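Architecture at a glance
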Amino acid sequence: MPRKRETDQASPSDSSPAGGRYCYNGLDRVMHEKARLGILASLAANANGLLFSDLKQLCSLTDGNLSRHLTVLSESGLVETWKGQNGPRPQTMYRLTEAGQRRFADYIRVLEKVIADAHLESKPQADGSRFPEGWSPA
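Each chain has its residues counted from 1, running along the sequence as written. Selection of residues for local features in this predicted model requires a pLDDT of at least 70, selection of side-chain atom pairs for listing and counting requires 80 or more, and totals for whole chains, interfaces and linings are taken over all residues. Side-chain figures throughout are based on the complete set of non-hydrogen atoms in the structure, without hydrogens or water.

1. Let's talk about the overall build of the protein chain
For clarity, the threshold we go by: Strands are runs of DSSP state E lasting at least 2 residues, helices are runs of H or I lasting at least 4, and numbering of each runs from the N terminus. Here's how the labels work: a residue is buried when its accessible area is under 20% of the maximum for its type, exposed when over 50%, partly exposed in between, all with a 1.4 Å probe on protein chains only. Any pair of residues with heavy atoms lying within 4.5 Å of one another is described as a contacting pair. Here the Shrake-Rupley method, with its probe set to 1.4 Å, supplies the accessible areas, and only the displayed protein chains count as covering residues.
The number of helices and strands found in the protein chain is 5 helices and 3 strands. When the helices and strands of the protein chain are placed in sequence order, the string is α-α-β-α-α-β-β-α. Counting all 138 residues of the protein chain, 22% fall into the buried class. Of all intrachain contacts in the protein chain linking residues separated by at least 6 positions in sequence, the fraction that spans at least 24 positions is 48%. Accessible surface computed for the protein chain: about 10,100 Å², of which carbon and sulfur atoms make up 53%.

2. Here's the deal with the packing of helix H3 (residues 52-59) against helix H4 (residues 63-75)
What counts is decided by this rule: Structural elements are reduced to axes, namely lines fitted to C-alpha atoms, with helices fitted over the stretch in contact, and the angle between N-to-C directions of any two is expressed from 0 to 180 degrees. Roughly parallel refers to an angle under 35 degrees, roughly antiparallel to one over 145, roughly perpendicular to one between 65 and 115, and oblique to any angle outside these ranges.
Between H3 and H4, the shortest axis-to-axis distance is 10 Å and the interhelical angle comes to 105 degrees. Compared by their axis directions, H3 and H4 come out roughly perpendicular. Residues Phe52, Leu55 and Lys56 of H3 touch H4, and the partners they reach there are Asp63, Leu66, Ser67 and Leu70.

3. A closer look at the side chain of Thr92
Selection criterion: In protein, a polar contact requires one atom able to donate a hydrogen and another able to accept it; more generally it is a pair of N or O atoms within 3.5 Å, and residues adjacent in sequence count only if both atoms are side-chain atoms.
Here Thr92 shows up in strand E3 (residues 89-96). Within polar-contact distance, the side chain of Thr92 engages the side chain of Lys83 at 3.1 Å. Sequence-distant contacts of Thr92, that is, excluding residues within four places in its chain, are made with Leu50, Leu51, Phe52, Thr81, Trp82 and Lys83.

4. Some details on the environment of Cys23
You can see Cys23 is positioned in the segment before helix H1 (29-32). Take Cys23: its relative accessible area is 76%, and that puts it in the exposed class.

5. Re the nonpolar core
The nonpolar side chains of a soluble globular protein tend to be buried with one another. Stated precisely, the cut-off is as follows: To form a nonpolar core, buried Ala, Val, Leu, Ile, Met, Phe, Trp, Tyr and Cys residues must be joined to one another through side-chain atoms within 4.5 Å.
Within the largest apolar cluster, 21 residues are counted, with the highest numbers of intra-cluster contacts made by Ile39, Leu40, Leu43, Leu55, Leu70 and Val79. For this core, the secondary structure elements donating two or more residues are helix H2 (34-44), H3, H4, E3 and helix H5 (98-122). At 4 residues, H2 tops the list of elements feeding residues into this core. Sequence-distant contacts of Leu40, that is, excluding residues within four places in its chain, are made with Met31, Leu73, Leu78, Val79, Leu96 and Phe104.

6. Quick word on the environment of Ala47
Following the sequence through the fold, Ala47 ends up in the loop between H2 and strand E1 (50-51). Looking at Ala47, the relative accessible area reads 58%, which means it is exposed. Taking the C-alpha atoms as reference points, Ala47 and Thr97, separated by 50 residues in sequence, lie 9.8 Å from one another.

7. What to know about the pairing of strand E2 (residues 79-86)
To keep things clear, this is the line we draw: Only strands joined by at least two bridges in the DSSP assignment are considered to pair.
In terms of strand pairing, E2 meets E3 through 8 bridges, oriented antiparallel. Bridge assignment links Val79 to a residue of E3, and that residue is Leu96.

8. Some remarks on the sheet that holds E1
If you walk across this open sheet you meet the 3 strands as E1-E3-E2, and the pairing is antiparallel. The open sheet has two free edges, formed respectively by E1 and E2, since each of these has just one partner strand. In this structure, E1 lies alongside E3, joined through 2 bridges in antiparallel fashion. Along E3, the bridge assignment pairs Leu51 with Met93.

9. A word on the confidence of the model for the protein chain
Using the following cut-off: pLDDT is defined as a per-residue confidence score from the predictor, taking values between 0 and 100.
Mean pLDDT over the protein chain: 82, with 76% of residues reaching 70 or higher. H1 is the least confidently modelled element of the protein chain, averaging 88 in pLDDT, while E1 averages 98, the highest of any element. With pLDDT under 50 throughout, residues 1-19 is counted as low confidence; its partners more than four residues away or in other chains account for 9 contacts.

What follows is the structure, given as structure tokens:
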């Protein structure tokens, strides 16, 4: 099976079904992945940044898994890396970039829309049914 070229991969705004796009524009695949969403939420809650070891513990990830996700987030411009020393030991700290803060806030607004829409859809209709006329559970 031939490898997909980068240009063949769907962007988040791609409307083709083959692209695997979400129903809601703004659900960015880079952020929507569970581990990356956890990393972003942790960094959003700690504006001054977090050390690699703290992120690893908060997100329950292995060194390699966390490192890979941080690479994806960094390459997407969401996270920045800071290097420092604690005595003789080197340390790496991560924090959201300004663009990352904005994109994450936008992403949260889209999630809020998903929740609001799901809440509306789960309300029974005037006749007490959750299904349009002519439909019934299978």
